[in-house]
Amino acid sequence: MRRRETNLVGLGIIAAFLHACFFSICAANSNNTCKSSSYGDIQNISYPFRLKGDPAGCGIHEYEWVCENNHTMVELNHRKYYVAEFNYLNHTIRVVDPSLKKGNCFSSPLYSFTRENFLYGELSYQWPLYERPYQLPCEWRLKPTLLMNCDGPVIARNYIPIVLCNSPSSQTYAYALVGDSMHVSDIPYSCTMGVTMVTRLVKAQLDHSNRSMSNLQEELLRGVEISFLPFRCEECGRNETQCILNFNENTIKCKEAVHFYNDLEDYTRNGKNCSSGL
């Protein structure tokens, strides 16, 4: 009788061991189900990104991209943009307005795309917080470009004459105003402001005579790089500390609240806070 009980106990231990092994194998297999994805020209999409329809638990929801008409798209401020390129080392993706086209006329973007779309109220993130999963850092040197219609010609070095594809009237004059800082007071009374974008330096930036609509189109079609560095703040979330983003060095710091505001003061004193005219 005792031998039978001993055998039953032994079988129970073996069964429990096999049961535990089975679940550990399942868990290991589950962690390996998140394979990289590809769509269109964008290859090897992996954490923190995910494509819509990927298995639950793969990537971060706030970094979900969608596939449309052979293009990988990202949603920013409830508007979709082409993902032209991404770089895991620099934590950047390059996005392009889908309404832009290269041609003999200037296809105006449907919406403005400026730093204000990405500004964060504080220079920290607490995990999990993804109100702003992407950033267009103030430290990055970009140029604002303002499109406008004018009743008469404007002669100024920062005004690039353009021919709009859907011009409201043949009697109007269209321009792209490019500059480091622009203010409403700089706009002639005869002009109506349109959308505003940020671009890299226009080709031959120092030679104003060589500025052209074609060069500006090329810059816009290349797109704008934005940062997805905030995803790394999950490293701070494990310690329940605040996350400070350093876009110049492409790093983060995990700081307790008592130390965070000292770093914030240094950050502001060094002129790294955003300021914009328009």
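Data block above holds the structure.
Residues numbered from 1 in each chain as written. Predicted model: local features only at pLDDT ≥ 70, side-chain atom pairs only at ≥ 80, totals over all residues. Heavy atoms only, no water.

(A) Quick look at the overall build of the protein. Each helix and strand in the protein was counted, giving 4 helices and 15 strands. The buried share of the protein, reckoned over its 278 residues, is 38%. Across the protein, contacts joining residues at least 24 apart in sequence account for 59% of those joining residues at least 6 apart. For the protein, the accessible surface area stands at approximately 16,700 Å², while carbon and sulfur atoms represent 51% of it. (Helix = DSSP H or I, 4+ residues; strand = E, 2+ residues; numbered from the N terminus. Buried < 20%, exposed > 50% of the residue type's maximum accessible area, 1.4 Å probe, protein only. Contact = heavy atoms within 4.5 Å. Areas by Shrake-Rupley, 256 points an atom, 1.4 Å probe, with all protein chains shown as cover.)

(B) Just the nonpolar core, in detail. Ranked by size, the top nonpolar core spans 32 residues in total, and within it Trp65, Ile93, Phe113 and Tyr134 carry the most contacts. Put simply, the parts of the chain that give this core at least two residues each are β2 (42-45), β5 (71-76), β6 (79-87), β7 (92-96), β13 (224-227) and β14 (242-246). Among the elements that line this core, the one with the most residues is β6, at 3 residues. In contact with Ile93, not counting residues within four places along its chain, are Phe49, Trp65, Val74, Glu85, Phe86, Tyr134, Val224, Glu225, Ile226 and Phe228. Listed in part, the 14 residues of the second largest apolar core include Leu147, Leu164, Ala174 and Met213. (Core = buried A, V, L, I, M, F, W, Y, C linked by side-chain atoms within 4.5 Å.)

(C) Quick peek at the sheet that holds β13. Taking strand neighbours across the sheet as the criterion, the 6 strands line up as β3-β4-β5-β6-β7-β13 in an open arrangement whose pairing is mixed. The open sheet has two edge strands, β3 (50-51) and β13, and neither has a second partner. Examined bridge by bridge, β3 and strand β4 (residues 64-68) share 2 bridges and lie parallel to one another. Within the sheet, the bridge partner assigned to Leu51 lies in β4 and is Trp65. (Pairing = 2+ DSSP bridges.)

(D) Quick peek at the packing of aromatic side chains. The final tally for this structure, using the stated rule, is 14 aromatic pairs. An angle of 80 degrees between the planes, with centres 6.0 Å apart, marks the rings of Tyr159 and Tyr175 as edge-to-face. You can see Tyr159 sitting in strand β10 (residues 159-162) and its partner Tyr175 sitting in strand β11 (residues 173-178), a full 16 residues away along the chain. Residue Tyr159 shares its accessibility class with Tyr175, and that shared class is buried. Members of the aromatic cluster, connected to one another through ring pairs, are Tyr47, Phe49, Tyr63, Trp65, Phe86, Tyr88, Tyr134, Phe228 and Phe231. (Phe/Tyr/Trp six-rings, centres within 6.5 Å; stacked < 30°, edge-to-face > 60°.)

(E) Looking closely at the state of the cysteines. Taken as a whole, this structure holds 5 disulfides when the rule is applied. A disulfide bridge connects Cys105 with Cys165, and the sulfur atoms are separated by 2.1 Å. One quick way to see it: the torsion about the S-S bond of Cys105 and Cys165 is about 95 degrees, and its sign makes the bridge right-handed. Of this pair, Cys105 sits in the loop between β7 and β8 (124-125) while Cys165 sits in the loop between β10 and β11, and the two are 60 residues apart along the sequence. Here Cys233 engages in a disulfide with Cys243; their sulfurs sit 2.1 Å apart. Here Cys233 and Cys243 share a disulfide; its torsion about the S-S bond, -70 degrees, makes the bridge left-handed. Here the residue Cys233 occupies a position in the loop between β13 and α3 (234-237), and Cys243 occupies one in strand β14, the gap between them amounting to 10 residues. Accessibility expressed as a relative area gives 2% for Cys233, which makes it buried. A residue is classified by how much of its surface remains accessible, and Cys243, at 0% relative accessible area, is buried. (Disulfide = S-S within 2.5 Å.)

(F) Region of interest: unusual backbone geometry. Cis rather than trans, the peptide bond between Tyr47 and Pro48 has omega equal to 10 degrees. Here Pro48 is to be found in the loop between β2 and β3. You will see that His78, though not glycine, has its phi angle at about 65 degrees, which is positive. Along the polypeptide, His78 turns up in the loop between β5 and β6. A relative accessible area of 74% means that His78 is categorised as exposed. Even without being a glycine, His91 presents a positive backbone phi close to 55 degrees. When you line up the elements, His91 lands in the loop between β6 and β7.

Everything listed here is a matter of geometry and, on its own, says nothing about what the molecule does.
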